[in-house]
Amino acid sequence: MTALDRKLLRDLRLIWSQALTLALVVAAAVAGFITTYSAYDSLQWSRDRYYAEGRFADLFADLKRAPAGIANRLAQVPGVAQVETTVVQHVQVAIPGVSDPVIGKLIGIDPVQPPQINRVYLRSGRMIAGRSGGALEVLVSEAFALARGLQPGDRLTALVNGKRESLRVAGIALSPEFIFAGFSGAPDLKGFGVFWVDRESLASAYNMTGAFNQASVRLAPAANDAEVIAGIDQVLQPWGGLRAYGRSEQMSHSRVESEIKEQRVLGTILPGIFLAVAAFLLNVVLGRQILLQREQIAALKALGYADASIGWHYIKLALLIVLVGLGLGLAAGAWLGQMLTALYRQSFSFPEFYYRVRPDLLLVAIVVTAGAALAATWQAIRSTVRLSPAEAMRPRSPGIYRPSLLERLGLASRLSPAMRMILRTMQRHALRTLLTVFGVAASIAVLISGTFWGDAIDLLLTTQFRHALRGDVVVGLIEPRPPRALRELGGLPHVAMAEPARTVPVRLVSGHRQWRGMIQGRPAQPQLNRAFGLDKASPSLPEGGLLLTDRLARKLQLRPGDSVLVQVEEGEREQLRLPVSGVVPELMGLNAYMERRSLNRALREGDLLNQATLAVDRGHEPALLQQMQALPMVASAFSKAAMLANVEGITARNLKIISGVLTVFASIIAVGVVYNQVRIALTERAWELASLRVLGFTRAEVSRLLLGELVIEMLLAIPIGMAAGLALARGIVALVQTDEFFLPAQVQPPTYAYAVLCVVITGVVSAAIVNRKVAALDLVGVLKTHE
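Notes on the structure follow. Here the structure is a predicted model, which means the values were calculated and not measured. (Residues numbered from 1 in each chain as written. Predicted model: local features only at pLDDT ≥ 70, side-chain atom pairs only at ≥ 80, totals over all residues. Heavy atoms only, no water.)

Orientation of helix α7 (residues 251-292) relative to helix α21 (residues 699-736), taken along the N-to-C sense of each, is 155°, at an axis distance of 9 Å. Considering the angle they form, α7 stands roughly antiparallel to α21. Here α7 runs over α21; the crossing is right-handed. Touching K261, E262, V265, I269, L270 and I273 of α7 are L728, I732, L735 and V736, all from α21. For the contact of α7 with α21, the per-class residue count stands at 8 nonpolar, no polar and 2 charged. (Axes fitted to C-alpha atoms, helices over the stretch in contact; angles between N-to-C directions. Helix = DSSP H or I, 4+ residues; strand = E, 2+ residues; numbered from the N terminus. Parallel < 35°, antiparallel > 145°, perpendicular 65-115°, else oblique. Left-handed = near helix turned anticlockwise from the far one by under 90°. Contact = heavy atoms within 4.5 Å. Nonpolar A, V, L, I, M, F, W, Y, C, P; charged D, E, K, R; others polar.)

Turning to its location among the elements, I680 is positioned in helix α19 (residues 640-684). Of the residues examined, I680 reaches a relative accessible area of 0% and is grouped as buried. For I680 and L286, which are 394 residues apart along the polypeptide, the C-alpha to C-alpha distance reads 9.5 Å. Setting aside residues no more than four positions away along its own chain, I680 makes contact with Q18, V285, R288, Q289 and L292. (Buried < 20%, exposed > 50% of the residue type's maximum accessible area, 1.4 Å probe, protein only.)

Within soluble globular proteins, side chains that are nonpolar generally end up buried alongside one another. The biggest cluster of nonpolar side chains holds 115 residues, and the ones touching the most others in it are L282, F348 and W453. Among the elements that take part in this core, helix α2 (residues 16-54) stands out by supplying 17 residues, more than any other. Formed by 26 residues, the second largest nonpolar core is a distinct cluster that contains V87, V102, A158 and L167. (Core = buried A, V, L, I, M, F, W, Y, C linked by side-chain atoms within 4.5 Å.)

According to the stated counting rule, one finds 11 aromatic pairs in the structure shown. Between F56 and F60 the ring centres are 5.7 Å apart and the planes differ by 50°, which places this aromatic pair in the tilted class. You'll find F56 and F60 in the same group, each marked buried. Aromatic side chains F178 and W196 sit 6.2 Å apart centroid to centroid with 70° between the ring planes, which places their arrangement in the edge-to-face category. A residue pair is termed long-range when its members are at least 10 positions apart, and F178 in the loop between β9 (163-174) and β10 (182-183) and W196 in strand β12 (residues 192-198) qualify at 18 residues. Each of the two residues, F178 as well as W196, counts as buried. Grouping aromatic residues by their ring pairs yields a cluster made of Y51, F56, F60 and Y245. One Lys or Arg, R49, reaches over the ring of Y354 and ends 3.9 Å from the middle of that ring. Residue placement shows R356 over the ring face of W45; its charged tip is 4.1 Å from the ring centre. (Phe/Tyr/Trp six-rings, centres within 6.5 Å; stacked < 30°, edge-to-face > 60°. Lys NZ or Arg CZ within 6 Å of the ring centre and 35° of its normal.)

It is worth spelling out helix α6 (residues 225-236) at this point. For an α-helix the count is 3.6 residues per turn, leaving residues at separations of three or four pointing the same way. A rise of 1.5 Å per residue sets the reference length of α6, with its 12 residues, at 16 Å; its end C-alpha atoms lie 16 Å apart and thus fit the reference within 8%. Summarising the contacts, the buried residues of α6 are in contact with β1 (59-67), α3 (70-75), β2 (80-86), β13 (211-219) and β14 (245-246). Measuring from the side-chain oxygen of the N-cap residue of α6 to the backbone nitrogen of A226 gives 3.1 Å; that N-cap residue is N224. (Expected span 1.5 Å × (residues − 1). Polar contact = N/O pair within 3.5 Å; in protein donor to acceptor, adjacent residues only side chain to side chain.)

And the structure:
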């Protein structure tokens with residue numbers, strides 16, 4: 001071991017607490033990056049592998065009814081490589097002992113020749129064999145089976161074309177078409193299931209033998225999506241075909257893509273900020289530490305050590321700290337990344353969920369952190385090693401102290417001598433003060449950006465399930481019905497109020513932009529199911545025009561007063577030109593609203609409804625939902641409590657867990673920033689503080705001078721950090737917004753309080769440590785200097 005190596009070990013022993021906190025800061029930054037980015041990469045990789053192995057369709061087309069021979073014409077459309085057709089129906093499903101209504105999607109397959117597009121992957125049990133023992137055999141989607149505890153051999157019943165049909169579970173299955181399964185885009189593992197049944201039996205039940213109502217298409221290489229969609233639409237239009245659509249409009253793919261987008265932002269923006277703060281802290285702390293050893297460097301040069309040897313000595317000091325942080329960060333990141341992917345297994349259905357940490361991710365983490373350490377070391381040592389030994393060993397010239405700005409403004413009489421000393425020191429070392437303020441502010445901003453997610457989710461859920469949806473049960477009807485259906489629902493036991501609605505599937509077209517969804521027709525002043533915005537206003541629904549959510553209006557580039565083409569996708573397939581009457585800043589979904597009677601008039605139909613929101617006496621929802629299963633006109637019924645539990649249990653839970661992990665990392669970084677700033681300030685001013693002690697200042701007075709500077713710097717940093725944290729939160733939210741929901745960047749007072757309290761507590765603890773160090777100052781040793 002060389003003399004420089006022994007010096008390196010002594011230096012590490014002397015600054016062990018600062019080195020440890022620096023290593024933890026590096027570890028937190030690296031772990032945050034590896035955790036979130038590896039989870040994003042693993043989700044995308046697992047999806048792409050499953051799509052390839054399961055031959056996921058590129059295009060989809062829904063229609064009313066077409067003869068089987070039309071499939072040959074679809075296969076002849078230029079750009080089409082493969083076509084498969086089937087029969088699909090939505091039904092009510094009843095599970096023994098379960099009162100909640102369940103929506104089932106029945107998909108017809110050939111047991112002898114299973115589909116080659118959107119392949120069905122059998123997880124357990126066996127393939128269906130038509131009817132067995134008087135029951136129709138089905139394969140059940142795995143997510144629904146796990147949520148409801150279904151096993152092969154279990155029995156259910158379904159309302160198939162108005163008749164009760166017994167279903168027997170033959171097996172549990174997966175399909176790339178249903179990685180995410182939910183009804184109307186909402187996550188609902190218990191309320192929505194996919195059932196693959198014998199195609200001939202399903203077609204016979206709906207009088208569709210020799211026909212189909214859904215087609216899946218695989219494209220040839222280099223095929224143009226838009227041209228193929230136009231060709232498919234032309235073939236299917238006479239048969240009630242809706243406009244074909246690609247993966248971007250397929251519900252499962254859209255949800256998985258949204259999750260990937262969110263994770264990509266969380267895996268790059270926040271960890272990138274963490275790494276930047278870690279690099280800043282490395283630069284400041286290591287830079288100041290090296291500058292404090294100016295005399296030692298001069299002595300080494302005088303003893304004949306080359307500049308390169310001295311530089312490498314300090315580079316090794318920085319690299320040792322970084323290597324410890326890297327090791328801890330990589331291990332913690334890989335472990336937490338695996339835990340995060342386990343959450344995805346509960347939300348998304350894959351045959352295998354592959355977790356990996358790509359080598360390039362490791363390389364990025366190593367290069368960034370090591371590069372920051374090298375840059376900090378080089379920046380600090382470059383000017384020092386250039387000095388001649390005699391020049392470097394000479395003490396720095398005493399600072400020139402002038403009256404502070406407040407003193408020059410005539411406020412000197414109001415300042416104590418200690419305060420004047422503090423202000424003059426801060427003004428004399430303006431750069432050091434600014435760096436400290438910036439470091440503390442950055443730690444507060446990082447804490448807020450990692451913690452505000454809980455505020456955003458709580459506000460989202462409160463807005464949607466307390467202010468917008470004020471009813472208790474939402475009922476969907478099999479087909480549009482006259483007002484007497486509402487009276488029947490309102491007359492059910494324990495129903496206090498019933499509010500009608502009419503939903504119509506449409507495509508809104510504005511130039512080359514379009515959106516496929518529903519126009520929701522509701523009363524002009526709805527009470528139970530309202531359009532409710534982030535501005536806490538519930539606008540009246542317009543007659544003869546549309547009320548759009550602000551994100552949908554931006555997507556279509558529409559403003560109030562503009563008109564939009566409405567292509568109705570049911571009934572007579574009307575094409576309407578409607579004005580945009582207003583926008584509402586809703587948080588969940590892309591929605592279009594219209595007054596219900598005006599919507600019916602625009603469709604040239606009578607006073608019809610196909611949905612109702614019910615207010616139910618407290619505690620009677622289960623009994624009412626059980627009754628709904630016996631009503632032939634009811635297609636679906638969902639309780640608000642179940643919908644809220646689904647969102648909280650899947651989407652909100654995942655985001656809160658991710659934000660919790662990021663909050664821990666942000667807290668570690670904040671602690672590291674504040675503690676190191678205080679410790680390095682003590683080291684830099686040890687000579688000054690010892691001089692004051694010799695001049696007769698007490699230990700308490702000396703501590704107040706040092707810690708008073710810290711208090712002022714923290715008071716300056718807190719508002720800056722709070723403003724920066726809010727701006728950072730808004731920037732992140734703008735990047736992660738999706739069609740499913742928009743998280744508001746509203747930081748609540750408890751989050752600000754937590755960020756500030758974390759920094760203040762760290763400052764107090766650091767102050768206590770510094771106070772002990774001040775008391776233990778070796779006055780003679782500190783005051784020794786080489787003249």
